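Okay, here's what each chain looks like letter by letter:
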Amino acid sequence: MNISMRQLLALRPRLADQTLLDYITLANIAPTPGLVSTPHLRQLWCCSQPMVSRRLAALKAAGLVDVTRGAGGYHIHHVTTLDPLHQ
């Protein structure tokens, strides 16, 4: 992921800080498509499985990630590269 601090700050009026932090985390741990385990996300985000599900749903609703639930985790199909100047 190659997004500047200025770009992240420009997104704050549109996205919750938690969603931005979750996006940064996911973009760093899943830069290519693949499975990310639920226990790994729970550990990174220090939360329960239902909260992991809600946080990924928020990322998906914001159009930041294409994700589906799989056995033992979530299949990350694509993490969007953000360009706040064109949103």
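Everything that follows concerns the structure shown earlier in this document.
Below or above, wherever it landed, is the structure these notes cover. All residue numbers refer to position in the chain's written sequence, counted from 1. Local features in a predicted model are, by the rule used here, given only for residues with pLDDT of at least 70; side-chain atom pairs are given and counted only at 80 or more, and totals for whole chains, interfaces and linings are based on all residues. Calculation of side-chain values draws on the structure's entire complement of heavy atoms; hydrogens and water are dropped beforehand.

1. Focus: the pattern of salt bridges
Alright, step 1. A pair is scored as a salt bridge if a Lys or Arg side-chain nitrogen falls within 4 Å of a carboxyl oxygen belonging to Asp or Glu. One pass over the full model with this rule turns up two salt bridges.
Alright, step 2. Between aspartate 17 and arginine 12 there is a salt bridge; the shortest N-O distance is 2.8 Å.
Alright, step 3. With a 1.4 Å probe rolled over the protein chains alone, any residue whose accessible area is under 20% of its type maximum counts as buried; one over 50% counts as exposed, and the rest are partly exposed. Overall, the relative accessible area of 38% leaves aspartate 17 in the partly exposed class.

2. Considering the sheet that holds strand S1 (residues 34-37)
Strand pairing in a sheet is mediated by backbone hydrogen bonds. Such pairs are either parallel or antiparallel.
Alright, step 1. Pairing in this open sheet of three strands is antiparallel, and the strands run S1-S3-S2 from one edge to the other. Two strands bound the open sheet, and with one partner strand each, they are S1 and strand S2 (65-70). Averaged over all adjacent pairs, the angle separating strand axes in this sheet is 35 degrees, with direction ignored.
Alright, step 2. Direction of pairing for S1 relative to strand S3 (residues 73-79): antiparallel, over a ladder of four bridges. Bridging from a neighbouring strand, glycine 34 pairs with isoleucine 76 of S3.
Alright, step 3. Residue contacts are counted whenever heavy atoms from the two residues lie within 4.5 Å of one another. Note on geometry: axes are lines fitted to C-alpha atoms, helical ones only across the stretch in contact, with angles between N-to-C directions running from 0 to 180 degrees. The numbering of helices and of strands both runs from the N terminus, where a helix is a DSSP run of H or I of at least 4 residues and a strand a run of E of at least 2. Running over the sheet, helix H2 (residues 17-29) touches S1, S2 and S3 and is turned about 90 degrees from S3.
Alright, step 4. Across the face of the sheet, helix H3 (residues 38-45) comes into contact with S1 and S3 while running at roughly 60 degrees to S1. The pairing criterion for strands is at least two bridges between them, as found by DSSP.

So yeah, pure geometry; function would need other evidence.
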